[in-house]
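Below, each chain spelled out in residue letters.
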Amino acid sequence: GRACARFAAEKLHAALLAAEAFERGAVLPALREAFLLTDDAFRQTEADSGACALVALIVGGRLFVAHVGDSRAVLCSGAGGAAVRLTEDHKPDERGERARIERAGGEVVFGGRCWRVTHPR
């Protein structure tokens, strides 16, 4: 929802910069830590929504991409503009993703037009 997206836009970058892993130059663990810290902080608010997020970060000439939810990163370059998928989709109705969600304490439900992820507060 809008509240979650706004919260992430305001907080995720600060969580990344504050991550211990980022200070050590471990970018992928730092991105994971930043997403988890932002999620934990948002869950402490009274808002009852969620959102997708995708981050592309260049560090030392390398591109790092991380995402949560139903989002996808694609890179197009070159004369032909060939698209290269940079992420794997997080589709809650797929067996492996559903199992991961349920192991983490979430639940996958059909919410009218699409599958949704819910979790206890």
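This text gives an overview of the structure that appears in the document. (Residues numbered from 1 in each chain as written. Predicted model: local features only at pLDDT ≥ 70, side-chain atom pairs only at ≥ 80, totals over all residues. Heavy atoms only, no water.)

## A word on helix H3 (residues 27–43)
Compared with an ideal rise of 1.5 Å per residue, which puts 17 residues at 24 Å, H3 spans 24 Å between its outermost C-alpha atoms and is within 8% of the ideal. Those residues of H3 lying buried are Val-27, Ala-30, Leu-31, Ala-34, Phe-35, Thr-38 and Phe-42. Summarising the axial view, the buried residues of H3 lie within an arc of 135 degrees, below the 170-degree limit, and thus occupy one face. Counted as exposed and oriented over 90 degrees from the buried face of H3: Leu-28 and Arg-32. Contacts from the buried residues of H3 go to helix H1 (2–18), helix H2 (20–23), strand E1 (53–59) and strand E2 (62–68). (Helix = DSSP H or I, 4+ residues; strand = E, 2+ residues; numbered from the N terminus. Expected span 1.5 Å × (residues − 1). Buried < 20%, exposed > 50% of the residue type's maximum accessible area, 1.4 Å probe, protein only. Arc of directions from axis to C-beta. Contact = heavy atoms within 4.5 Å.)

## Details of the environment of Ala-56
Relative to the helices and strands, Ala-56 is located in strand E1. When the C-alpha atoms of Ala-56 and Asp-40 are compared, they prove to be 21 Å apart, with 16 residues separating the residues in sequence. If we ignore the near neighbours within four places in the chain, the residues touching Ala-56 are Leu-63, Phe-64 and Val-65.

## Considerations on H1
Over its 17 residues, H1 extends 25 Å from the first C-alpha to the last, a length consistent with the 24 Å expected when each residue adds 1.5 Å. Those residues of H1 not exposed but buried are Cys-4, Phe-7, Leu-12, Ala-15 and Leu-16. Close packing links the buried residues of H1 with H2, H3 and E1.

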